[in-house]
Amino acid sequence: QVQLVESGGGLVQAGGSLLLSCAASGRTFSSYSMGWFRQAPGKEREFVAAISRSGTNTAYAESVKGRFISSRDNAKNTVYLQMNSLKPEDTATYYCAASMVRLAPTREQYDYWGQGTQVTVSS
């Protein structure tokens, strides 16, 4: 199995930036398309971003497009989410996940999940 561990969450003021990292175990990290999801209290877990196996292609939710950038370093078994121009509505627990489906936008298409890291954006 693939184990994923997120880090980099924290408290930031609106307009600020955070870099989230997701470290993966195993030798097959590059076989997976990776995704980022977030979940705020009382809300469904929603798609944020996805990145293809090679890192060449990405997909973003409309709400974060132009502000968030996903990247990956397969040599380090790590995927990143650079979050810029943060807004209070970005406050949520952020999860990374691994999928065999390229740029999958739904939770059901992901096989492995990290434990989540909290991001809080103050106004």
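Described below are features of the structure shown in this document. Every chain is numbered on its own, with residues counted from 1 as its sequence reads. Two thresholds apply to this predicted model, a pLDDT of at least 70 for residue-level local features and 80 or more for giving and counting side-chain atom pairs, whereas whole-chain, interface and lining totals are computed over all residues. Computation of side-chain values covers all heavy atoms of the structure but excludes hydrogens and water.

**Let's talk about the overall build of the protein**
A tally of regular secondary structure across the protein gives 0 helices and 11 strands. Helix numbers and strand numbers start at the N terminus; a helix is a DSSP run of H or I with at least 4 residues, a strand a run of E with at least 2. For the protein, the sequential pattern of α-helices and β-strands runs β-β-β-β-β-β-β-β-β-β-β. Here the C-alpha atoms of the protein give a radius of gyration of 13 Å, agreeing with the 14 Å that 2.2 N^0.38 yields for 123 residues. With the C-alpha coordinates of the protein rotated into their principal frame, the extents come out at 40 × 25 × 25 Å. Per-residue burial for the protein yields a buried fraction of 44% across its 123 residues. Throughout, a residue-residue contact means that at least one pair of heavy atoms, one from each residue, lies within 4.5 Å. Of the contacts made within the protein by residues no fewer than 6 positions apart, 58% connect residues no fewer than 24 positions apart. Computed by Shrake-Rupley with a 1.4 Å probe, the accessible areas treat only the displayed protein chains as cover when residues are assessed. Entry remark: accessible area of the protein is about 6,100 Å², with carbon and sulfur atoms responsible for 47%. In the protein, which carries 12 positive and 9 negative side-chain charges, the distance between the mean positions of the two groups comes to 5 Å. As defined in this context, the radius of gyration uses C-alpha atoms, and a globule is described by 2.2 Å times the residue total to the power 0.38. Categorising residues by exposure relies on relative accessible area from a 1.4 Å probe, with only protein chains included: less than 20% of the type maximum marks a residue as buried, more than 50% marks it as exposed, and the intermediate range marks it as partly exposed. Charge assignment: positive for Lys and Arg, negative for Asp and Glu; neither His nor the chain ends contribute. To locate a charge, the coordinates of NZ of Lys, CZ of Arg, CG of Asp or CD of Glu are taken.

**Some remarks on the pattern of salt bridges**
Salt-bridge detection follows one rule: a side-chain nitrogen of Lys or Arg within 4 Å of a carboxyl oxygen of Asp or Glu. One pass over the structure, following the stated rule, counts 6 salt bridges. Ionic pairing is found between arginine 38 and aspartate 90, a salt bridge with its closest N-O pair at 2.9 Å. Residue arginine 38 is located in strand 4 (residues 33–39), and its partner aspartate 90 is located in the loop between strand 8 (78–83) and strand 9 (92–99); the two are separated by 52 residues in the primary sequence. Across the pair, aspartate 90 and arginine 38 agree in class, each one buried. Linked by salt bridges that have partners in common, Arg38, Glu46, Arg67 and Asp90 make up one network.

**Examining the nonpolar core**
Throughout this description, the term nonpolar core refers to a set of buried Ala, Val, Leu, Ile, Met, Phe, Trp, Tyr and Cys residues connected via side-chain atoms within 4.5 Å. Counting 35 residues, the largest nonpolar core has Met34, Trp36, Leu81, Met83 and Tyr94 as its most contacted members. Broken down by secondary-structure element, the contributors of at least two residues to this core are strand 3 (18–24), strand 4, strand 5 (46–51), strand 8, strand 9 and strand 11 (117–122).

**Quick word on the packing of aromatic side chains**
In this scheme Phe, Tyr and Trp rings, the latter by its six-membered ring, pair at centre separations within 6.5 Å, and the angle between planes marks the pair as stacked below 30 degrees, edge-to-face above 60, and tilted otherwise. Overall, the coordinates contain 5 aromatic pairs when judged by the stated rule. Between tyrosine 32 and tyrosine 112 the ring centres are 6.0 Å apart and the planes differ by 80°, which places this aromatic pair in the edge-to-face class. Of this pair, tyrosine 32 sits in the loop between strand 3 and strand 4 while tyrosine 112 sits in strand 10 (residues 112–113); the two residues are 80 residues apart in sequence, bridging distant segments of the chain. Take tyrosine 32: its relative accessible area is 10%, and that puts it in the buried class. Judged by centre distance (5.9 Å) and plane angle (55°), the rings of tyrosine 110 and tryptophan 113 are tilted. Through successive ring pairs, a cluster of aromatic residues spans Phe37, Phe47, Tyr110 and Trp113. For a Lys NZ or an Arg CZ to count as sitting over a ring, it must be within 6 Å of the ring centre and within 35 degrees of the ring normal. Directly above the ring of tyrosine 95 sits arginine 45, whose terminal nitrogen or CZ lies 3.8 Å from the centroid. A cation sits over an aromatic face here: arginine 45 above tryptophan 113, 5.0 Å from the ring centre.

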